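What follows is each chain in one-letter form.
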Amino acid sequence: MMNRKHRTRPLIAITGLALLIGVPVVGALAAQPAYVLSDEGKYISTGSGGCLLTNRWTPELAVRECHPNLVAQREQESKPVEIAALEEAKPSTPTPAMMLKEIRLDASALFDFDAATLRPDGVAQLNELIEQVSAFRNVSKIVVEGHTDRIGPEDYNETLSRKRAEAVGAYLSANGTLPSEAIGIMAQGSRKPVRTCEGVRGAALVQCLQPNRRVEVMVMGLEERPAQ
């Protein structure tokens, strides 16, 4: 009886033929989209630093076990794109900024002439001021300055300006969210006029100097800015 010579064929070819004709493959290699795996589910080395590939393999499907350099290059190239995507997806939030806001109040609207007791319409003005201050986040300091005109003795004007500033500061402390120790009181008297009215006399001078009779409130804190 003549001995037949057995021809060795690549197992991958046998597997491909069996799959084409629908015959179950026992002990054959199972194919993944890009790589051929052994029966144990491991990548098959070609002995030259790579792995056995299928005809579906592309560099984009490279795995680290078989092509570490390709995978490292792919990851490096994808980082800028990933970072840009994360930045784009990041919610835009307002950035708080340190602000110093100055609010000037007409003393004649807050107090009667030559008095330091708040008028009802003056209280309404201060309530509006408290609403403005509420727009600030984390108010750190409020400075209240009282001012008068230059008519009258200097020491009297100093005292009157202090009493008016204290009346405003006390109301802000009692009706706002800021503790009294965070409110600074300053009496400026007539030292910082906003109008000089040189050459004006009598009743016209009193009227001309009206802007100097004022209370100024400086608010320092963080204020939310619109999102960019």
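Anything mentioned here points back to the structure above.
Worth saying up front: this structure is predicted, and the values here are computed from it rather than measured.

Time to look at the overall build of the protein. A count of helices and strands for the protein gives 6 helices and 6 strands. Going from the N terminus to the C terminus, the protein shows its helices and strands as α-β-β-α-β-α-α-β-α-β-α-β. Taken across its 228 residues, the protein has 32% of its residues classed as buried. Accessible surface, the protein as shown: approximately 15,400 Å² in total, 56% of it carbon and sulfur.

A few words now on the environment of glycine 184. As for its placement among the helices and strands, glycine 184 is situated in strand β5 (residues 183–189). Relative accessible area serves as the criterion here: at 14%, glycine 184 is assigned to the buried category. Discounting residues that sit within four places of it in the chain, glycine 184 has contacts with Lys141, Ile142, Val143 and Val144.

Within the secondary structure, glutamine 210 sits in the loop between α6 (202–208) and β6 (214–224). Within the local environment of glutamine 210, its side chain forms a polar contact with the side chain of serine 108, the two groups lying 3.0 Å apart. When neighbours within four sequence positions are excluded, glutamine 210 is seen to be in contact with Asp106 and Ser108.

Turning our eyes to something else, we now look at the packing of aromatic side chains. Applying the stated rule across the entire model yields 1 aromatic pair. Judged by centre distance (5.2 Å) and plane angle (75 degrees), the ring pair of tyrosine 35 and tyrosine 43 falls under edge-to-face.

Right, let's talk about the environment of alanine 124 for a bit. When you line up the elements, alanine 124 lands in helix α4 (residues 120–133). On the basis of relative accessible area, alanine 124 is assigned to the partly exposed category, the value being 38%. With 15 residues separating them along the chain, alanine 124 and alanine 109 place their C-alpha atoms 9.9 Å apart.

Now for the layout of surface pockets. A volume near 270 Å³ is recorded for the largest pocket. For the largest pocket, the lining is made up of 17 residues, of which Phe113, Asp114, Asp149, Leu160 and Arg213 are closest to its centre. Breaking the lining of the largest pocket down by element, the ones donating at least two residues are α3 (107–110) and α5 (154–175). At 4 residues, α5 tops the list of elements feeding residues into the lining of the largest pocket. Within the lining of the largest pocket, the residues separate by chemical class into 7 nonpolar, 5 polar and 5 charged. Estimates place the volume of the second largest pocket at around 170 Å³. In this structure, the second largest pocket is lined by Leu129, Ile130, Val133, Ser134, Phe136, Val139, Ile142, Leu172, Gly176, Thr177 and Leu178. Secondary-structure elements contributing two or more residues to the lining of the second largest pocket are α4 and β4 (136–147). Class assignment for the residues of the lining of the second largest pocket results in 8 nonpolar, 3 polar and no charged.

Cut-off values and rules
Here the residue index of a chain counts from 1 through its sequence in written order. Where local features are concerned, this predicted model is filtered to residues with pLDDT of at least 70; where side-chain atom pairs are given and counted, the filter is 80 or more; whole-chain, interface and lining totals use all residues. To obtain the side-chain values, all non-hydrogen atoms of the structure were used and water was disregarded. Under the scheme used here, helices are H or I runs from DSSP no shorter than 4 residues and strands are E runs no shorter than 2 residues, and both carry numbers assigned from the N terminus. Only protein chains enter the area calculation, which uses a 1.4 Å probe; residues under 20% of their type maximum are buried, those over 50% are exposed, and those in between are partly exposed. Accessibility throughout is a Shrake-Rupley quantity obtained with a 1.4 Å probe, and a residue counts as covered only by protein chains that appear here. It only takes one pair of heavy atoms within 4.5 Å for two residues to be counted as in contact. Any pair of N or O atoms that falls within 3.5 Å is considered a polar contact. Within protein, one atom must be able to donate a hydrogen and the other to accept it, and sequence-neighbouring residues count only if both atoms are side-chain atoms. Centres within 6.5 Å are what make two rings of Phe, Tyr or Trp a pair, Trp counting through its six-membered ring; a difference in plane orientation under 30 degrees is then read as stacked, over 60 as edge-to-face, and the rest as tilted. Definitions used for this entry: grid spacing 1 Å over protein atoms alone; cavity, a set of points where a 1.4 Å probe fits but cannot get out; pocket, an open set with protein on both sides within 12 Å along at least 5 of 7 lines; lining residue, one with an atom within 4 Å of a point. Grid points are joined across faces, edges and corners, and a volume is the space filled by probe spheres set on the points. When residue character is reported, Ala, Val, Leu, Ile, Met, Phe, Trp, Tyr, Cys and Pro are called nonpolar, Asp, Glu, Lys and Arg charged, and the others, Gly included, polar.

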